[in-house]
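Here's the letter readout for the chains.
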Amino acid sequence: MGPRGSTGATRARNHVSEHRPTEHRPAVTAARRIVVKVGSSSLTTASGGLDADRVDALVDVLAKVRDGGEREVVLVSSGAIAAGLAPLGLVRRPNDLARQQAAASVGQGLLVARYTASFARYGVRVGQVLLTSDDTSRRAHYRNAYRTLDQLLEMGALPVVNENDTVATDEIRFGDNDRLAALVAHLVHADLLVLLSDIDGLYDGPPGTPGAARIAEVTGPDDLADVTIGSVGKAGVGTGGMVTKIEAARIATAAGVPVVLTSASRAADALAGRDTGTYFHRTGRRTADRLLWLAHASTPQGALVLDDGAVRAVVERRTSLLPAGISAVEGEFSAGDPVELRDLRGAPVARGLVNFDAKEIPQLLGRSTRDLARELGPAYEREVVHRDDLVVLTSRRTP
């Protein structure tokens, strides 16, 4: 994907048009539980620091959506690091993790305080929820996150979700709040995901250039086959860009959640189902919660190398992984940790939760579970990774 501005693209399909008539989006207007994600550039000044008017404008829209109690909103908000820049005397987003975390520590409090005050104008309570990838990739933690968010909504509060930048490391980060928003949408059983940024949609060319047209809707991956997406936003204070938004839309729609991508200034139109931004139709149905998080939020603690027969069994027949099909073990991990399953060429083919510690597996390699049970005891007559705790990352066939 090329770096041609925010949404650089080649000419896309016939459905692309800026001048198509206003349309009613029934999946949008029918949505009762909605996740809205807003980027740093839509909340802060270019030099850092929260823009109170922008925050209030967004809150005005979201409060109106909730008015009457028929619709629930979860807000995934970036902006903590950007909000902490000016108070710490930083002129731009730092590159090193330590100063990013310091900025997040200062900025997160300012961000939530601003939301709390702004929503209070409408009598809406705000609840802060900070997540890390490590927290949410484990089953027990995942269930707890769901219960917390669901309870906040049931009690009439509006959850404000962000990645816990103050403690997350490079190894356990979601990486961007667009992906986090897609996973939260699945987590809370949302009916709709709205991604707000400083761009009013996906274009088939650099926005503002002659002939560039908005892509009004995307029905599936083939619609974007010829579209080249840029990677940076024009404000320069966030970590995402159009690439991360398209990936978030892919994750959400594959899990049965439609997506609207537009600018924060057009949030009201987007939530009303008007023809604004880019609408991504759902492409799949809801999957098991833990499998989506396993695929997109977990950090593998090691790897198991599979022979060709085991790859075929896991990828094509969707079976459990048995010791007989494992050729090698890499890394240090404990039972219950996520691990990557690789073919003999090193390509990842699946990810799963392992049933044994890394130090136990070498003695199991290439052996049948029956022989292992006879020699080591009945605890070893089981799968290394059970198919219910395994997600396939590729559909390719192995020779």
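Everything discussed here concerns the structure shown above.
This text gives an overview of the structure that appears in the document. Here the structure is a predicted model, which is why all the values come from computation and not from measurement.

Details of the packing of aromatic side chains
Right, so step 1: On inspection of all chains with the given rule, the structure shows two aromatic pairs.
Right, so step 2: On the basis of an interplanar angle of 20° and a centroid distance of 5.7 Å, the ring pair of Phe 356 and Tyr 380 is categorised as stacked. On the criterion of sequence distance, the pair formed by Phe 356 in the loop between strand E12 (348-353) and helix H12 (369-376) and Tyr 380 in the loop between H12 and strand E13 (390-392) is long-range, its members being 24 residues apart.
Right, so step 3: A cation over an aromatic ring shows up here: Arg 382 above the ring of Phe 356, its NZ or CZ 4.3 Å from the ring centre.

Notes on the pattern of salt bridges
Right, so step 1: Applying the stated criterion across every chain yields a total of 20 salt bridges.
Right, so step 2: Among the salt bridges present, the one from Arg 121 reaches Asp 60, with a minimum N-O distance of 2.9 Å. Taken together, the residues Arg 121 in the loop between helix H4 (97-120) and strand E3 (126-131) and Asp 60 in helix H2 (residues 52-66) connect sequence positions 61 residues apart.
Right, so step 3: By relative accessible area, which is 45% here, Arg 121 ends up partly exposed.
Right, so step 4: Asp 60 sits in the partly exposed class, given a relative accessible area of 30%.

Looking at the environment of Gly 220
Right, so step 1: Looking at the element boundaries, Gly 220 is found in the loop between strand E6 (217-218) and helix H8 (242-254).
Right, so step 2: The sequence separation of Gly 220 and Arg 282 amounts to 62 residues, and the corresponding C-alpha distance is 7.9 Å.

Notes on the nonpolar core
Right, so step 1: Grouped together as the largest cluster of nonpolar side chains are 43 residues, with contacts concentrated most on Val 35, Val 161, Val 184, Leu 193, Leu 224 and Phe 280.
Right, so step 2: What Leu 224 contacts, discounting residues up to four positions off in sequence, is Leu 202, Ile 215, Val 218, Ile 246 and Phe 280.
Right, so step 3: In this structure, Val 55, Leu 58, Val 61 and Val 260 belong to the second largest nonpolar core, which totals 28 residues.

Things to note about the packing of helix H7 (residues 177-187) against H8
Right, so step 1: In contact at an axis separation of 8 Å, H7 and H8 are set at 15° when each is read in the N-to-C sense. As far as their axial angle goes, H8 and H7 are roughly parallel. Judged by the sense of rotation from one axis to the other, the crossing of H7 with H8 is right-handed. Contacts between H7 and H8 involve Asp 178, Arg 179, Ala 182 and Leu 183 from the former and Thr 244, Lys 245, Ala 248, Ile 251 and Ala 252 from the latter.

Focus: the environment of Ala 52
Right, so step 1: Structurally, Ala 52 can be placed in helix H2.
Right, so step 2: According to the relative accessible area criterion, Ala 52 is partly exposed, its value standing at 33%.
Right, so step 3: The spatial distance from the C-alpha of Ala 52 to the C-alpha of Ser 118 is 8.8 Å, given a sequence separation of 66 residues.

A short note on the sheet that holds E12
Right, so step 1: Strand order across the open sheet formed by five strands is E10-E9-E11-E12-E13, with mixed pairing between neighbours. Bordering the open sheet on either side are strand E10 (326-331) and E13, each of which pairs with just one other strand. Each strand of the sheet is rotated relative to its neighbour by a mean of 20°, with strand direction disregarded.
Right, so step 2: Where strand E11 (residues 338-342) meets E12, five bridges bridge the pair, whose relative direction is antiparallel. Looking across to E12, one finds that Val 339 is bridged to Gly 352.

A word on helix H11 (residues 308-315)
Right, so step 1: Here H11 has its buried residues at Ala 310, Val 311, Ala 313, Val 314 and Val 315.
Right, so step 2: Where H11 is buried, its residues contact strand E9 (302-306), E11, E12 and E13.
Right, so step 3: Between the side-chain oxygen of the N-cap and the backbone nitrogen of Gly 309 there are 3.2 Å, and the N-cap of H11 in question is Asp 307.

Topic: the pairing of strand E5 (residues 192-197)
Right, so step 1: Of all six residues in E5, six are buried; the element is thus mostly enclosed.
Right, so step 2: Burial of the side chains of E5 extends over both faces: Leu 192, Val 194 and Leu 196 are buried on one face and Leu 193, Leu 195 and Ser 197 on the other.
Right, so step 3: Sheet topology note: the strand E1 (residues 33-38)/E5 ladder contains five bridges and is parallel. Pairing of Ile 34 across the sheet is with Leu 192, part of E5.
Right, so step 4: Pairing geometry for E5 and strand E7 (residues 259-263), over five bridges, is parallel. Residue Leu 195 lies in a different strand from E7, and its bridge partner there is Leu 261.

Quick look at the side chain of Asn 177
Right, so step 1: Structurally, Asn 177 can be placed in helix H7.
Right, so step 2: Of note is the side chain of Asn 177, whose polar atom sits 3.0 Å from the side chain of Ser 78.

Some points on the sheet that holds strand E8 (residues 278-280)
Right, so step 1: Taken in spatial order, the eight strands make up an open sheet running E3-E4-E2-E1-E5-E7-E8-E6, and their pairing is mixed. Whereas interior strands pair on both sides, the edge strands pair on one side only; in this sheet they are E3 and E6.
Right, so step 2: Across the sheet, H4 is in contact with E1, strand E2 (72-77), E3 and strand E4 (158-163); its angle to E3 comes to roughly 155°.

Overview of a nonpolar patch on the surface
Right, so step 1: Taken together, the side chains of Leu 88, Val 106 and Leu 110 make up a nonpolar region of the molecular surface, amounting to roughly 210 Å² of accessible area.
Right, so step 2: One can find Leu 110 in helix H4.
Right, so step 3: Given a relative accessible area of 38%, Leu 110 falls into the partly exposed group.

Things to note about the packing of H2 against H4
Right, so step 1: It is the contact of H2 with H4, at a shortest axis distance of 9 Å, that shows an interaxial angle of 50°. By the criterion of interaxial angle, the relationship of H2 to H4 is oblique. Considering how the two elements wind past one another, H2 and H4 form a crossing that is right-handed. Residues Ala 52, Val 55, Asp 56, Leu 58, Val 59, Leu 62 and Ala 63 of H2 pack against Arg 114, Tyr 115, Ser 118 and Phe 119 of H4.

Each value, and the rule that gives it
- Residues numbered from 1 in each chain as written.
- Predicted model: local features only at pLDDT ≥ 70, side-chain atom pairs only at ≥ 80, totals over all residues.
- Heavy atoms only, no water.
- Phe/Tyr/Trp six-rings, centres within 6.5 Å; stacked < 30°, edge-to-face > 60°.
- Helix = DSSP H or I, 4+ residues; strand = E, 2+ residues; numbered from the N terminus.
- Lys NZ or Arg CZ within 6 Å of the ring centre and 35° of its normal.
- Salt bridge = Lys/Arg side-chain N within 4 Å of Asp/Glu carboxyl O.
- Buried < 20%, exposed > 50% of the residue type's maximum accessible area, 1.4 Å probe, protein only.
- Core = buried A, V, L, I, M, F, W, Y, C linked by side-chain atoms within 4.5 Å.
- Contact = heavy atoms within 4.5 Å.
- Axes fitted to C-alpha atoms, helices over the stretch in contact; angles between N-to-C directions.
- Parallel < 35°, antiparallel > 145°, perpendicular 65-115°, else oblique.
- Left-handed = near helix turned anticlockwise from the far one by under 90°.
- Pairing = 2+ DSSP bridges.
- Polar contact = N/O pair within 3.5 Å; in protein donor to acceptor, adjacent residues only side chain to side chain.
- Patch = residues over 30% accessible without salt bridge, like charges linked within 9 Å, V, L, I, M, F, W, Y side chains within 5 Å.
- Areas by Shrake-Rupley, 256 points an atom, 1.4 Å probe, with all protein chains shown as cover.

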